[in-house]
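What the coordinates show
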Amino acid sequence: MNKTGFDARYQKYLEAIEDYLSGLFAEKPHWADLYDAMRYSLLSGGKRLRPVLTLEFARLAGEEGFDWYDAMPAACAVEMVHTYSLIHDDLPCMDNDDLRRGKPTNHKVYGETLAVLAGDALQPAAYELILERVPGTRERLACALLLAEASGPDGMVAGQVLDTLHHPSTEAELAEVHRLKTGCMIRAACVMGCAAADASAEMREAACTYAEKLGLAFQIRDDMLDVMGNQAEFGKPIGSDAEQGKCTYVGILGLEECERRVLSLTEEAKAALEKVEWHGSTAFLRMLADSLAVRTH
């Protein structure tokens, strides 16, 4: 696969995801202000990395006759939970950020109360989407369980607690924070794609390893961009972690070692894909990992 083919597939996924998300919460009940706040953050763009991963793993894991679009409800459910987490992360009681993806954060537009409630509403709505729309009883239950495990008290929320209240200060503590806070949701996105396609245990394990390596590389790169990124591209203030006194990979390892780690983890992620036989080429996922290793936003 060349870059043109990669870009075309990514764009195809993006257009399908945006179209699906835009159809959610479009009604106008007399509590439409809640829907407006939900859609403000849900439709704010971004890379849509997690749903793209879900769809591509579904495509790879699905046997002949399986349509990757059948995994769309699961993919968009992941994005809904991710969006809720961003809304809450930006609140004054958490990271207290004014910008997200170059736009005012949800609470800056709708106020703290409605921002909290918009995040609250996106969580059950994500599971409703899976349980109503993912084809196949076994598939929908597997997807719902994976997302619940990744986003709950032993996953993303635990990572947020460690990050905001336990003040990690060592590399091991920081790795645990990001394994839970960021890595769990990336892993869920990948494995949910396999689950939606009712893939083998070997495929799910390979997807899990790919995701874990990719997730850590993604977070280290994120820490690097908070130091050396362009605010217009990054979409939020540069240097905010340092201003808040947060422990980061750059602070512990330095930029040069961070870059080495990102590249090494990226190679490990790509190697994990080759351990099983998929129902298609892994070129897109390998190119995706390479692109994330050098991303600027």
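A brief look at the structure comes next. Everything numeric here is computed off the predicted structure, so don't read it as measured data. (Residues numbered from 1 in each chain as written. Predicted model: local features only at pLDDT ≥ 70, side-chain atom pairs only at ≥ 80, totals over all residues. Heavy atoms only, no water.)

Let's shift gears to the nonpolar core. Burial of nonpolar side chains together is a common tendency in soluble globular proteins. Counting 84 residues, the largest nonpolar core has L53, F57, L147, Y210, W278 and L288 as the members making the most contacts within it. In terms of residue count, the dominant contributor to this core is helix α9 (residues 171-196) (13 residues). Non-local contacts of Y210, meaning those with residues more than four positions away in its chain, are made with L53, F57, C190, A269, K270, A272, L273, L285, L288 and A289. Residues M224, Y249, C258 and L265 belong to the second largest nonpolar core, which totals eleven residues. (Core = buried A, V, L, I, M, F, W, Y, C linked by side-chain atoms within 4.5 Å. Buried < 20%, exposed > 50% of the residue type's maximum accessible area, 1.4 Å probe, protein only. Helix = DSSP H or I, 4+ residues; strand = E, 2+ residues; numbered from the N terminus. Contact = heavy atoms within 4.5 Å.)

Attention shifts here to the environment of C190. With respect to the helices, strands and loops of the structure, C190 is situated in helix α9. Classification of C190 by relative accessible area gives buried; the value is 0%. C-alpha separation for the pair C190 and T54, spaced 136 residues apart in sequence, amounts to 5.0 Å.

Right, let's get into helix α8 (residues 156-165). Here α8 has its buried residues at M156, A158, G159, Q160, L162 and D163. Next to the buried residues of α8 lie α4 (72-89), α7 (137-151) and α9. H167 lies just past α8 and shows a positive phi near 50°.

Before going further, it helps to spend a moment on helix α14 (residues 255-273). An ideal rise of 1.5 Å per residue puts 27 Å on 19 residues; α14 measures up with 28 Å between its terminal C-alpha atoms. Among the residues of α14, C258, V262, L265, T266, A269, K270, A272 and L273 are the ones counted as buried. Buried residues of α14, seen end-on, are gathered within an arc of 150° and therefore sit on one face of the element. (Expected span 1.5 Å × (residues − 1). Arc of directions from axis to C-beta.)

The next subject is the packing of α14 against helix α15 (residues 283-293). Orientation of α14 relative to α15, taken along the N-to-C sense of each, is 170°, at an axis distance of 10 Å. By the angle between their directions, the pair α14 and α15 is classed as roughly antiparallel. Where α14 approaches α15, its residues V262, L263, T266, E267, K270 and L273 are matched on the opposing element by L285, R286, A289, D290 and A293. Of the residues assigned to the contact of α14 with α15, the class counts are six nonpolar, one polar and four charged. (Axes fitted to C-alpha atoms, helices over the stretch in contact; angles between N-to-C directions. Parallel < 35°, antiparallel > 145°, perpendicular 65-115°, else oblique. Nonpolar A, V, L, I, M, F, W, Y, C, P; charged D, E, K, R; others polar.)

A cluster of nonpolar side chains, V157, V161 and L165, forms an exposed patch at the surface whose accessible area comes to about 230 Å². Among the secondary structure elements, V161 is positioned in helix α8. Residue V161 is classed as partly exposed on the basis of its relative accessible area of 33%. (Patch = residues over 30% accessible without salt bridge, like charges linked within 9 Å, V, L, I, M, F, W, Y side chains within 5 Å. Areas by Shrake-Rupley, 256 points an atom, 1.4 Å probe, with all protein chains shown as cover. Salt bridge = Lys/Arg side-chain N within 4 Å of Asp/Glu carboxyl O.)

What follows covers the packing of aromatic side chains. Scanning the model with the defined rule gives eleven aromatic pairs in all. Judged by centre distance (5.6 Å) and plane angle (65°), the rings of F57 and Y210 are edge-to-face. Of this pair, F57 sits in helix α3 (residues 49-61) while Y210 is found in helix α10 (residues 201-228), placing the two residues 153 residues apart along the sequence. Take F57: its relative accessible area is 0%, and that puts it in the buried class. Between the NZ or CZ atom of K103 and the centre of the ring of Y40, over which it lies, the distance is 4.4 Å. The positively charged end of R295 is found above the aromatic ring belonging to F218, 3.8 Å away from the centroid. (Phe/Tyr/Trp six-rings, centres within 6.5 Å; stacked < 30°, edge-to-face > 60°. Lys NZ or Arg CZ within 6 Å of the ring centre and 35° of its normal.)

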